[in-house]
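Breakdown of the fold
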Amino acid sequence: MWFYYALITAFSQATSDAITKKTLQRADEYIVAWLRLLSSVPYLLIALFIIEIPETDSTFWAVLIAALPLEVTAFILYIRALKESPLSLTIPFLAFTPVFLIFTSFLILGELPDKSGTAGVILIAAGAYTLNLHMKKKGLLKPIMAIIKERGSLMMLIVSFIYSITSSLGKLAILHSSPIFFGALYFIILALAFTPIVMFKSRNNLGQIIKNYKYFGFLGFFHSLMVITHMVAMSLTQVTYMIAVKRTSLLFSAGYGYFLFKEEKMRERLLGSILMIIGVVLIVIF
């Protein structure tokens, strides 16, 4: 069942990202980031009301406190990346999270996937190169340099690394509580923690909330669905495996990029996304 939960997570994340990018055309990035979190709170509160509240210990709360500042940092970079660069040129870099997880999940959880993931790592790197293949005519290193120069791609690569840490910490917190309890509580607290940041950075743009209210109901639903299915899937298998399947969101995002935002150079970006996903699958299988 973990595979199906992870696949739902992938679709929900890609849909949330597409709605987020659409809203970013009309509103400040901090407002959108905050409302992506805040609009999911009612759904998460319902989940907390339904489930049985588990006992928690000091490890659970220590992990929660350690993960929150990392999650806030990653979320800000995530939203800024969506705003500054095409969807099909930013989201694929989340495919690096399972690569980083090979190391972080071992250090934090002692989980170690099966060996021979080298081919997967090479394919993920090749996929990242292919995203900017149109730059090849200017030199073999130009596609790599384009990753550095494309601020959204670079920011999402940093996000990918941070998520490898928070995913491992999240699995540890789940082991000391329950999947839905941790996921709901964690993102409710994250929404509250993000509030003073928004009030400091975007207090003059709060009127944008009313102007874009129609987007936030859908955004909250898909974001909360992503949170819950993510946590349940992660409780049922190794973190690296779950995140690998979750990264099939890259294909959904490539589709949204083409149909909703009319993004260009989709052939090479779709090829790059597919290569990265194959790499992720190889890491999982071998």
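Quick summary incoming for the structure in this document. Here the structure is a predicted model, which means the values were calculated and not measured. (Residues numbered from 1 in each chain as written. Predicted model: local features only at pLDDT ≥ 70, side-chain atom pairs only at ≥ 80, totals over all residues. Heavy atoms only, no water.)

For the rest of this paragraph, the subject is the overall build of the chain. If you tally the helices and strands in the chain, you get 15 helices and zero strands. Contacts in the chain between residues at least 24 apart in sequence constitute 88% of all its contacts with a sequence separation of at least 6. Taken as a whole, the chain presents about 12,700 Å² of accessible surface, with 70% of it coming from carbon and sulfur. (Helix = DSSP H or I, 4+ residues; strand = E, 2+ residues; numbered from the N terminus. Contact = heavy atoms within 4.5 Å. Areas by Shrake-Rupley, 256 points an atom, 1.4 Å probe, with all protein chains shown as cover.)

All buried positions along helix H14 (residues 249–259) are accounted for by Ser-249, Leu-250, Ser-253, Ala-254 and Gly-257. Buried residues in H14, looked at end-on, bunch into an arc of 140°, giving them a common side. (Buried < 20%, exposed > 50% of the residue type's maximum accessible area, 1.4 Å probe, protein only. Arc of directions from axis to C-beta.)

Quick look at the packing of helix H12 (residues 213–236) against helix H13 (residues 239–246) now. Between H12 and H13, the least distance of the axes is 9 Å, while the angle of their chain directions is 140°. Between H12 and H13 lies a crossing whose hand is right-handed. Together, Met-226, His-230, Ala-233 and Met-234 of H12 and Val-239, Met-242, Ile-243 and Lys-246 of H13 make up the contact between the two elements. Among the residues forming the contact of H12 with H13, the class breakdown is six nonpolar, one polar and one charged. (Axes fitted to C-alpha atoms, helices over the stretch in contact; angles between N-to-C directions. Left-handed = near helix turned anticlockwise from the far one by under 90°. Nonpolar A, V, L, I, M, F, W, Y, C, P; charged D, E, K, R; others polar.)

Here we take up the packing of aromatic side chains. The tally for this structure, following the rule as stated, stands at 16 aromatic pairs. For the pair Phe-11 and Phe-252, a centre-to-centre distance of 5.6 Å together with 80° between the ring planes defines the contact as edge-to-face. With Phe-11 in helix H1 (residues 2–24) and Phe-252 in helix H14, this residue pair connects regions lying 241 residues apart in the sequence. The class of Phe-252 is partly exposed, set by a relative accessible area of 32%. Through successive ring pairs, a cluster of aromatic residues spans Phe-60, Trp-61, Phe-181, Phe-182, Tyr-186 and Phe-187. (Phe/Tyr/Trp six-rings, centres within 6.5 Å; stacked < 30°, edge-to-face > 60°.)

Take the side chain of Lys-21 next. Within the secondary structure, Lys-21 sits in helix H1. Of the polar contacts made by the side chain of Lys-21, one reaches the backbone oxygen of Leu-82; its length is 2.6 Å. Once residues within four sequence positions are removed from consideration, Lys-21 is found in contact with Leu-82, Lys-83, Ser-85, Pro-86, Leu-87, Phe-261 and Glu-263. (Polar contact = N/O pair within 3.5 Å; in protein donor to acceptor, adjacent residues only side chain to side chain.)

Attention shifts here to helix H4 (residues 58–84). For H4, with 27 residues, the first-to-last C-alpha span of 40 Å sits near the 39 Å given by 1.5 Å per residue. Along its length, H4 reaches its greatest deviation from straightness, about 30°, at Ala-67, and the proline Pro-69 lies no more than four positions downstream. At the N-terminal boundary of H4, the capping side chain belongs to Asp-57, with an oxygen 3.2 Å from the backbone nitrogen of Thr-59. (Expected span 1.5 Å × (residues − 1). Bend = angle between axes of the 7 residues up to and from the residue.)

Turning to the environment of Phe-161, a few remarks are in order. Here Phe-161 lies in helix H9 (residues 151–175). Expressed as a C-alpha distance, the spacing of Phe-161 and Leu-101, which sit 60 residues apart in the sequence, is 8.3 Å.

This part takes up the pattern of salt bridges. Evaluation of the coordinates by the stated rule reveals five salt bridges. As a salt-bridge pair, Arg-80 and Glu-84 come within 3.7 Å of each other at their nearest N and O atoms. One end of the pair, Arg-80, and the other, Glu-84, are both in helix H4, four residues apart, so they sit about a helical turn from each other. By relative accessible area, Arg-80 is classed as partly exposed at 25%. Owing to a relative accessible area of 37%, Glu-84 belongs among the partly exposed residues under this scheme. Between Glu-111 and Lys-171 there is a salt bridge, with the nearest N and O atoms lying 2.9 Å from each other. Of this pair, Glu-111 sits in the loop between helix H6 (97–109) and helix H7 (118–130) while Lys-171 is found in helix H9, placing the two residues 60 residues apart along the sequence. As far as burial versus exposure is concerned, Glu-111 and Lys-171 are alike and both buried. Each of Arg-80, Glu-84 and Arg-151 takes part in one network of salt bridges that share partners. (Salt bridge = Lys/Arg side-chain N within 4 Å of Asp/Glu carboxyl O.)

So, about the nonpolar core. One finds Tyr-78, Ile-91, Met-156, Val-159, Phe-182, Phe-187 and Phe-194 to be the most contacted residues of the largest nonpolar core, which totals 79 residues. The greatest single-element share of this core, amounting to 14 residues, is contributed by H4. Setting aside chain neighbours within four positions, we find Phe-182 in contact with Phe-60, Leu-64, Gly-170, Ala-173, Ile-174, Ser-177 and Met-231. (Core = buried A, V, L, I, M, F, W, Y, C linked by side-chain atoms within 4.5 Å.)

Turning next to a nonpolar patch on the surface. A surface patch of nonpolar side chains, about 520 Å² in accessible area, is lined by Met-1, Phe-3, Tyr-4, Leu-7 and Leu-236. If you tally residues by element for the nonpolar patch, the top one is H1, at three residues. Assignment of secondary structure puts Leu-236 in helix H12. (Patch = residues over 30% accessible without salt bridge, like charges linked within 9 Å, V, L, I, M, F, W, Y side chains within 5 Å.)

Here we take up the side chain of Ser-12. By the secondary structure assignment, Ser-12 is in helix H1. Ser-12 sits in the buried class, given a relative accessible area of 0%. Engagement of the side chain of Ser-12 in a polar contact is seen with the backbone oxygen of Ile-8, the distance being 2.8 Å. Not counting the four nearest positions on each side in its chain, Ser-12 is found in contact with Phe-222, Leu-225 and Met-226.

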